[in-house]
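# Residue-level structural notes
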Amino acid sequence: MCYRIALNFEDGVTRFVDCKPGEKVLDAAFRNRINLPMDCSDGVCGTCKCRAESGAYELGEDYIDDALTCDEAAGGLVLTCQMVPSSDCVLSVPTTSLACKTGQQSFAATVTRIEPHHDAAVVLELATDEAAEAPAFLPGQYVNIDVPGSGGHRSYSFSSAPGERALSFLIKKIPGGLMGSWLDRAKPGDRLTLTGPMGSFYLRDGNGPLLFLAGGTGLAPFLSMLEVLAQAGSRRQIHLIYGVTRDLDLVLVDRIAAYARRLPNFTFATVVAEETSNHPRKGWVTQHMPGDMLATGEVDIYLCGPPPMVDAVRRHLDKTGIEPASFHYEKFTPNAPLKAIA
């Protein structure tokens, strides 16, 4: 048995290493050809200091206080030369992947299904090669997908769960956009190259209530998170608010509703901003945030959507003095349309 250790670097790259029982993280990383920062490797210099975002581990007593103080250890800082995991863990590494002589990983996948949803979005489903290991990522992270024949790529969050060969993505339909133009002519069997995973927006461990705020195709990472929570049999209180501009922008609502049957404490609400809509809940997500969840200060808030929505939620929290237990957000910006070529 091995423990899976996710190393999140400052440049957004995530690499996974398998750590054997009793093995130190620094040694596991070196075995996987990832040169984490180090100098002494004896718990003396503190050069290998990282932050443990989640997971269980032991640090032992073979290090000095100058390298890692008691307060630092209590706050989640670790020395990778001393850290011995006893579960899967996530570490934030305070340097870039290139500085550690590693980098982004690429893998191939085949298109299996393309499902348009009006003019709002497209669900793209892929399958990785059976001979290759299923992609590892943290629920909420994204990959870059190369657009065939263009020399460019676009970034999309996984809407599927980690460790599966079947991958799915929810892609905003942008007329004349780079990916949208390719999807118009794409077909099952086409091959794509993906690079990643990347991003610091992912579901953290915990037991407190969760408030998910999704704007448009910012729903995608939450579908990955909900699947992971459902597979784990989570009993956490979870509420998702899914806000869009038009009625037609509401997609995959049936998939969201299915989680209410799998997660005993999951609820959700859809919100439409357009004034002419007949939707029962209109306006912005900030107008429909549950006061009872926010009042305790124990809720973890996750937010993914376009920049105006993210900025509006941040201003609302500041203005109302709401201080959640943690607040994680990711902005996405629609890509510009292709320029006409004479």
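Anyway, here's the lowdown on the structure attached to this text. Predicted model, so just to flag it, every value in this text is computed and none were measured.

Scoring rules and cut-offs
- Residues numbered from 1 in each chain as written.
- Predicted model: local features only at pLDDT ≥ 70, side-chain atom pairs only at ≥ 80, totals over all residues.
- Heavy atoms only, no water.
- Pairing = 2+ DSSP bridges.
- Helix = DSSP H or I, 4+ residues; strand = E, 2+ residues; numbered from the N terminus.
- Axes fitted to C-alpha atoms, helices over the stretch in contact; angles between N-to-C directions.
- Parallel < 35°, antiparallel > 145°, perpendicular 65-115°, else oblique.
- Left-handed = near helix turned anticlockwise from the far one by under 90°.
- Contact = heavy atoms within 4.5 Å.
- Nonpolar A, V, L, I, M, F, W, Y, C, P; charged D, E, K, R; others polar.
- Expected span 1.5 Å × (residues − 1).
- Buried < 20%, exposed > 50% of the residue type's maximum accessible area, 1.4 Å probe, protein only.

A few words on the sheet that holds strand 3 (residues 49–54). Spatially, 2-1-7-3-5 is the arrangement adopted by the 5 strands of the open sheet, whose pairing is mixed. Sheet topology places strand 2 (14–19) and strand 5 (77–79) at the edges, where each strand pairs with a single neighbour. Each strand of the sheet is rotated relative to its neighbour by a mean of 35°, with strand direction disregarded. Pairing of strand 3 with strand 7 (residues 89–93), which is carried by 3 bridges, proceeds in the antiparallel orientation. For S54, the partnering residue across the bridge sits in strand 7 and is V90.

Glancing now at the sheet that holds strand 18 (residues 326–331). On the basis of which strands lie adjacent, the open sheet formed by 5 strands has the order 16-15-14-17-18 and parallel pairing. Lying at the two open borders of the sheet, with one neighbouring strand each, are strand 16 (266–272) and strand 18. Shown here is a sheet whose adjacent strand axes are inclined to one another by a mean of 10°, direction ignored. The sheet contact formed by strand 14 (residues 210–215) and strand 15 (residues 238–244) spans 6 bridges and is parallel. Looking at the pairing, L213 lines up with I241 of strand 15.

Here the focus is the packing of helix 4 (residues 220–231) against helix 5 (residues 253–262). Two numbers describe how helix 4 lies on helix 5: the axes approach to 10 Å, and their chain directions differ by 20°. Looking at the two axes, helix 4 sits roughly parallel to helix 5. In the packing of helix 4 onto helix 5, the handedness of the crossing is left-handed. Residue-level contacts link L223, L226, E227, A230 and Q231 of helix 4 to R255, I256, Y259 and R262 of helix 5. Here the residues of the contact of helix 4 with helix 5 are counted per class, giving 5 nonpolar, 1 polar and 3 charged.

Our next topic: helix 4. The terminal C-alpha atoms of helix 4 lie 17 Å apart, and with 12 residues this matches the ideal 16 Å at 1.5 Å per residue to within 8%. By the criterion of burial, helix 4 is predominantly enclosed, with 10 of the 12 residues buried.

Spatial relationships are all this shows, so hold off on functional conclusions.
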